[in-house]
Amino acid sequence: MATPSGESAAPVAPAGSVTPAAHATASTVAGSDPCGRFAARTALVADIARLFADEVDRDARPPREAIAAMKEHGLLAAAVPTELGGEGATVAELSVIATELGRACAATAMVFAMHQGQAMALWRHGGDGAGVTDLVARVREGALLASSTTERGIGGDTRRSTCALEPDADGRIRLRKDAPVISYATEADAILVTARRDLDAAASDQRVVVCLPEHTTLTQTSTWDTLGLRGTCSNGWVLDAETTADHVLRDDYAAVSARTVLPVSHVLWASVWLGIAADAADRARTAVRKQARATVGSAPPGALRLAELLVELQSLADTVRHAAERYDVVAEDTDVLDSTAYALAANALKIGASERVTDLVTRSLRIVGIAGYAASGPTSIARHLRDAHGAAVMVSNDRLLHNDAGMALMTGALL
């Protein structure tokens, strides 16, 4: 049995400050904001993530160096509201960060993206319980959050739970969750876990409970040995926790999911996939430029294909940025967030972006040619292609489409 212990939070840059990075500049992708207030710090973290990306992928280990850098430079704390002492990053700003990290290391970017959805749930839905407010303070100092929403036997449906909160006579709460996956569990400073409200509650009557390492025991049940996104380390675990009622979020999980976790996660995941595609396209551009130097006076064979690729990349970027900005506009409008139309739009973003990223990366590979097909090297696209294929199966597109099928009968066109 193993108890997870997160790394100690490194000092966070003061709110509003930017760490100098004269030697490091983030590559820009269509639709990003290279002059944004987080750009310099994002570039520093991306440089570290890029340095270890191949090792993280090869060894299927967590991107610990990049996680430490995200803590040090305040990226994990970016979205903490200003009224709680944070910098109040918008989802549009988080989207740009996720894309730039995705260009460097998809596993690092996915850790960033998954953390942000959980962190935002704390201050949007957590209430004023001491356990919740304490964790908000810890996030402000750089704590990393993971989540456990799926269970064995329910097929990946996050809106149903078998496990339940079990209070005892002393006012404590126990739960046991047999989770087929918990991403980066050993690196997290807390895991947010879904469970039925109590032993008599329906499967969909769920709450979210904060499980701290000192209150939690993890027993590993499976190993994450996958084609891509290997550094997310989404192993299987049996999670046993004993905590108190002040660690349970105020709102039920139906509201937490519809209003925050699902739409924010889909925007940020899509942002990561945009980053993967953008870096693959950069490698294709490098290859075509090399061809152009060898064929002065005539367009190289890949030039037209590159132009077509950049049109599609720009289209994906516009879609992702629009979704991020739209969420910022409606973030406090529960009528919109609870609507069938908005749920369909959030699912459409995830499904569409996850399908397009594989197409964009494959087209980049064909432009580069055999050097892109190589397992390593400056123009290799092997890792990008393997990571891109994870997008459609980590939260299955078929499951989302099945959910959409019923909802689509209830609403009209999504504009």
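Refer to the preceding data block for the structure.
A short tour of the structure in this document, coming up. Owing to the predicted nature of the structure, the values given are computational and were not obtained by experimental measurement.

What follows covers the overall build of the protein. A tally of helices and strands in the protein yields 12 helices and 7 strands. Computed over C-alpha atoms, the radius of gyration of the protein comes to 21 Å, within 12% of the 22 Å expected from 2.2 N^0.38 for 415 residues, which places it in the range of a compact globule. Seen through its principal axes, the protein has C-alpha atoms that stretch 85 × 50 × 40 Å. The proportion of buried residues among the 415 residues of the protein is 52%. Here the contacts in the protein between residues at least 6 apart in sequence split such that 77% fall between residues at least 24 apart. Surface accessibility of the protein: about 17,100 Å² in total, with carbon and sulfur atoms responsible for 55%. Here the protein carries 39 positive and 50 negative side-chain charges, and the mean point of each set is 6 Å from the other.

Turning our eyes to something else, we now look at the sheet that holds strand E4 (residues 190-196). The 3 strands are arranged E1-E4-E5 in an open sheet whose pairing can be described as mixed. Edge positions in the sheet fall to strand E1 (145-148) and strand E5 (206-211), since each has one partner strand and no second. On average, each strand axis in the sheet is tilted by 25° relative to the strand beside it, whichever way the strands run. Sheet analysis places E4 next to E5, joined by 6 bridges and oriented antiparallel. In the sheet register, Val 193 faces E5, and the bridge partner there is Val 209.

Take the pattern of salt bridges next. Taken as a whole and judged by the stated rule, the model has 27 salt bridges. Salt-bridge contacts for Glu 65 lead to Arg 61; the nearest nitrogen and oxygen are separated by 3.1 Å. By relative accessible area, Arg 61 is classed as buried at 12%. Two residues, Arg 176 and Asp 240, come together in a salt bridge whose shortest N-O distance is 2.6 Å.

All right, on to the environment of Arg 399 then. Locating Arg 399 in the fold gives a position in helix H12 (residues 397-407). Considering only alpha carbons, one finds Arg 399 and Asp 157, 242 residues apart in sequence, at a separation of 8.3 Å. With sequence-adjacent residues up to four places away left out, Arg 399 is seen in contact with Ile 154, Gly 155, Gly 156 and Asp 157.

A few words on helix H9 (residues 340-368). Given a rise of 1.5 Å per residue, 29 residues ought to cover 42 Å, and the 42 Å separating the end C-alpha atoms of H9 matches this to within 8%. Looking one or two residues past H9, Gly 369 carries a phi angle of roughly 90°, positive in sign.

At a minimum axis separation of 10 Å, helix H6 (residues 253-294) and helix H7 (residues 303-330) run at an interaxial angle of 160°. As the angle between them shows, H6 and H7 are arranged roughly antiparallel. You can see that H6 and H7 cross each other, and the crossing is left-handed. Grouping the constituent residues of the contact of H6 with H7 by class yields 21 nonpolar, 2 polar and 3 charged.

Further remarks concern the sheet that holds strand E2 (residues 166-167). One open sheet accounts for 4 strands, arranged E2-E3-E7-E6; its pairing is antiparallel. With one partner strand each, in any of the chains shown, E2 and strand E6 (216-222) form the two edges of the open sheet.

Thresholds applied
- Residues numbered from 1 in each chain as written.
- Predicted model: local features only at pLDDT ≥ 70, side-chain atom pairs only at ≥ 80, totals over all residues.
- Heavy atoms only, no water.
- Helix = DSSP H or I, 4+ residues; strand = E, 2+ residues; numbered from the N terminus.
- Rg over C-alpha atoms; globule rule 2.2 N^0.38 Å.
- Buried < 20%, exposed > 50% of the residue type's maximum accessible area, 1.4 Å probe, protein only.
- Contact = heavy atoms within 4.5 Å.
- Areas by Shrake-Rupley, 256 points an atom, 1.4 Å probe, with all protein chains shown as cover.
- Lys, Arg positive; Asp, Glu negative; His and termini not counted.
- Charge placed at Lys NZ, Arg CZ, Asp CG, Glu CD.
- Pairing = 2+ DSSP bridges.
- Axes fitted to C-alpha atoms, helices over the stretch in contact; angles between N-to-C directions.
- Salt bridge = Lys/Arg side-chain N within 4 Å of Asp/Glu carboxyl O.
- Expected span 1.5 Å × (residues − 1).
- Parallel < 35°, antiparallel > 145°, perpendicular 65-115°, else oblique.
- Left-handed = near helix turned anticlockwise from the far one by under 90°.
- Nonpolar A, V, L, I, M, F, W, Y, C, P; charged D, E, K, R; others polar.

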